[in-house]
Amino acid sequence: MKDIAKLSDNQLYGLIKNESGKLKEEAFAEIYSRYSRGIYAYCRRILGHETLAEDLFQETFLGFLKSTEKEREMTNVQAFLLRIARNLCLNANRERRTQMVSLEDLDLGFEDNRLEDSEVTDMIVSSLELLSEEQREAVVLQLYQDMSYQDMSDFLGLPISTIRNRVTRGKQIIRQVLAPYFEKTKVK
């Protein structure tokens, strides 16, 4: 029996595609363990909605499994999973067209002047919802998927200058939204 954890992504994809039973399940479980956390984080940050993110996260891996039924040569499993997740998230955002969160909806008032990590994280996530879909996706890919501008350009099929503009403008908006809170919480 092979040591599944030592196999490359492409070898695991081949096992999922060509094997059955326990070996196929183990190969899928290994792919899942390698990429589930990043794919879920991507869905959660892009959608800003936990339940929908969980649903689309699961659909991503189901779509991945279905892909093994087709004639396809796999060159990059991680990018393929991210592409599936991206398409599902974009479709979901298109369908729901939710209202943007207003600044008044952000809970920025705390009794304590100290910032807790979880509070800052919650505020950043809330501020992501204020960005356009394009800006949010670029910021999420950079911050949570650790992609370079070149990687994002390749993944999205856009010029690096467009990607850089989206990230820069998105981060400016986040800084503007969070600036008043940080001003209020400075110790005098």
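Note that this is a predicted model, so its numbers are computed, not measured.

Asker: Explanation requested: helix α3 (residues 50–67) in the structure shown.
Answerer: Note: α-helices contain 3.6 residues per turn, so residues at a spacing of three or four share the same orientation. The end-to-end C-alpha separation of α3 is 26 Å, in line with the 26 Å expected for 18 residues at 1.5 Å each. Every buried residue belonging to α3 is among Leu52, Ala53, Leu56, Phe57, Thr60, Phe61, Phe64 and Ser67, and all of these are buried.

Asker: So what exactly am I meant to see when it comes to helix α2 (residues 21–47) here?
Answerer: At tyrosine 35, α2 shows its strongest bend, of approximately 50°. One or two steps after α2, the chain reaches glycine 48, where phi turns positive at roughly 65°.

Asker: What is the right way to look at the nonpolar core in this model?
Answerer: Generally speaking, a soluble globular protein has its nonpolar side chains buried in company with each other. Ile31, Ile39, Tyr42, Phe64, Val77, Leu81 and Leu141 are the most contacted members of the largest nonpolar core, which totals 49 residues. Only α1 (9–18), α2, α3, α4 (77–96), α5 (117–128), α6 (133–143), α7 (149–156) and α8 (160–184) provide two or more residues apiece to this core. Take this core: its biggest share by element is 10 residues, from α2. Setting aside chain neighbours within four positions, we find leucine 81 in contact with Ile31, Tyr35, Ile39, Thr60, Phe61 and Phe64.

Asker: Would you explain the packing of α1 against α2 in this entry?
Answerer: Each pair of packed helices can be summarised by the angle the axes make with each other and by the distance between the axes. Relative orientation of the contacting elements α1 and α2 amounts to 140°, with a least axis distance of 8 Å. With respect to α2, the axis of α1 lies oblique. Crossing handedness for the pair α1 and α2: left-handed. Residue-level inspection shows Asp9, Leu12, Leu15 and Ile16 of α1 in contact with α2, the latter providing Leu23, Lys24, Ala27, Phe28, Glu30, Ile31, Arg34 and Tyr35. The class makeup of the residues in the contact of α1 with α2 is 8 nonpolar, no polar and 4 charged.

Here is what the cut-offs are and how they apply
- Residues numbered from 1 in each chain as written.
- Predicted model: local features only at pLDDT ≥ 70, side-chain atom pairs only at ≥ 80, totals over all residues.
- Heavy atoms only, no water.
- Helix = DSSP H or I, 4+ residues; strand = E, 2+ residues; numbered from the N terminus.
- Expected span 1.5 Å × (residues − 1).
- Buried < 20%, exposed > 50% of the residue type's maximum accessible area, 1.4 Å probe, protein only.
- Bend = angle between axes of the 7 residues up to and from the residue.
- Core = buried A, V, L, I, M, F, W, Y, C linked by side-chain atoms within 4.5 Å.
- Contact = heavy atoms within 4.5 Å.
- Axes fitted to C-alpha atoms, helices over the stretch in contact; angles between N-to-C directions.
- Parallel < 35°, antiparallel > 145°, perpendicular 65-115°, else oblique.
- Left-handed = near helix turned anticlockwise from the far one by under 90°.
- Nonpolar A, V, L, I, M, F, W, Y, C, P; charged D, E, K, R; others polar.

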